[in-house]
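Residues per chain, in single letters:
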Amino acid sequence: MPELPEVETVRSGLEPVLTGRSFVRVEQRRPDLRFPLPERFAERLTGRRVLRLERRAKYILVHLDRHEVLAVHLGMTGRLIVSNGGPERDLTLGQYVYEHGKDARHDHLVFTMSGGAVVTYNDARRFGYMTLIPEGQLEQDAFFAGLGVEPLGPDLTAAYLAKRAHGRKADLKAFLMDQRIVAGLGNIYVCEALFRAGLSPWKPASRLASRTGKPTPAAERLAAEIKAVLTDAIAAGGSTLRDYQRADGTSGLFQNEFGIYGREGEPCMRPGCRGTVRRRVQGGRSTFYCAVCQR
Ligand SMILES: [Zn+2]
């Protein structure tokens, strides 16, 4: 499943292809993805111009003219494949061009843009979805209402974590996986951030706050490490797990740089630590941790 850094990598790959361009042709090959596509979806998109691309949690937000937003969620296996779709190959787009077609039966939507780029939405398992939302209603929309702060935005601070964690009995991992608290953090990067911050995934979240609700040093470390690990992963082009590939079809490299995730049985990578990485199921997902340096 693409995590936040992968979604951000896709967003930035699409940016030069979509921004300032219009949808010339929209080919919709089925009525639904995970959910039904909006009424008259192809008709409503055709002719619309893309003003800018944003990311919120794990959604790509394509801001259109006439105050509407195309929200895209890649689900488990959703991919956006960019090809230039014409003999007059645009050099700027060339770096995003690659052959696909092996699994063309999972090409569910094909967007032809002004300028010649063709963006294909391919999704083998169809857990992804797309919807059109009026710009002014974005924050109230069912998909976005109640989402917590952006981990890379200015609102994620030690003080914010302390405020939300004060008096909470939930364990630290469950606290960070809660999308109402921090939006877009998933299993991999929660494990990585806790490892980097030297915090046990099983300790109660309340340790992030003092009795009076002030941030503890643990909260300071955690806020910094959440941002650092995501920034590093985005710089590396996102991780590649199972079906995930970058927008240009090449693989991200960050999975080779995980400090703890997927390293069960290996020696802990923290300098000076003699611990061994363990894996335990927590809240239905694998938690990788070092019992020696994550306290
Ligand atoms: Zn360790």
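The preceding data block contains the structure.
The structure reproduced in this document is the subject of the present report. (Residues numbered from 1 in each chain as written. Predicted model: local features only at pLDDT ≥ 70, side-chain atom pairs only at ≥ 80, totals over all residues. Heavy atoms only, no water.)

## Some words on helix α7 (residues 217-235)
Part 1: Between the first and last C-alpha of α7 there are 27 Å, a value that for 19 residues agrees with the 27 Å anticipated at 1.5 Å per step.
Part 2: Here α7 has its buried residues at A218, A219, L222, A223, I226, V229, L230 and A233. On an axial view of α7, the arc spanned by its buried residues comes to 140°, and they lie on one face. Exposed side chains of α7 directed beyond 90 degrees from the buried face belong to P217 and A235.
Part 3: Where α7 is buried, its residues meet α1 (4-18), α4 (158-165), α5 (172-177) and α6 (187-197). (Helix = DSSP H or I, 4+ residues; strand = E, 2+ residues; numbered from the N terminus. Expected span 1.5 Å × (residues − 1). Buried < 20%, exposed > 50% of the residue type's maximum accessible area, 1.4 Å probe, protein only. Arc of directions from axis to C-beta. Contact = heavy atoms within 4.5 Å.)

## Things to note about the side chain of Q282
Part 1: With respect to the element layout, Q282 can be found in strand β9 (residues 277-282).
Part 2: With relative accessibility at 9%, the residue Q282 sits in the buried group.
Part 3: Other than its neighbours up to four places away in sequence, Q282 contacts D171, K173, P201, W202 and T287.

## Some words on the coordination of the zinc ion
Part 1: Bound to the zinc ion are the protein donor atoms C268 (SG), C273 (SG), C290 (SG) and C293 (SG), situated 2.3 Å from the metal.
Part 2: Note that the zinc ion binds four donor atoms; their angles at the metal cover 104 to 117°, and the shape is tetrahedral.
Part 3: Between the donor residues of the zinc ion, the gaps in sequence give the motif C-x4-C-x16-C-x2-C. Pair noted here: C273 is in the loop between α7 and β9 and C290 is in strand β10 (residues 285-290), with a separation of 17 residues, a long-range link. (Donors = N, O, S within 2.8 Å, 3.2 Å for Na, K, Ca; no water. Tetrahedral: all angles 85-135°; square planar, octahedral: opposite > 155°, others 65-115°.)

Keep in mind these numbers describe shape, not what the thing actually does.
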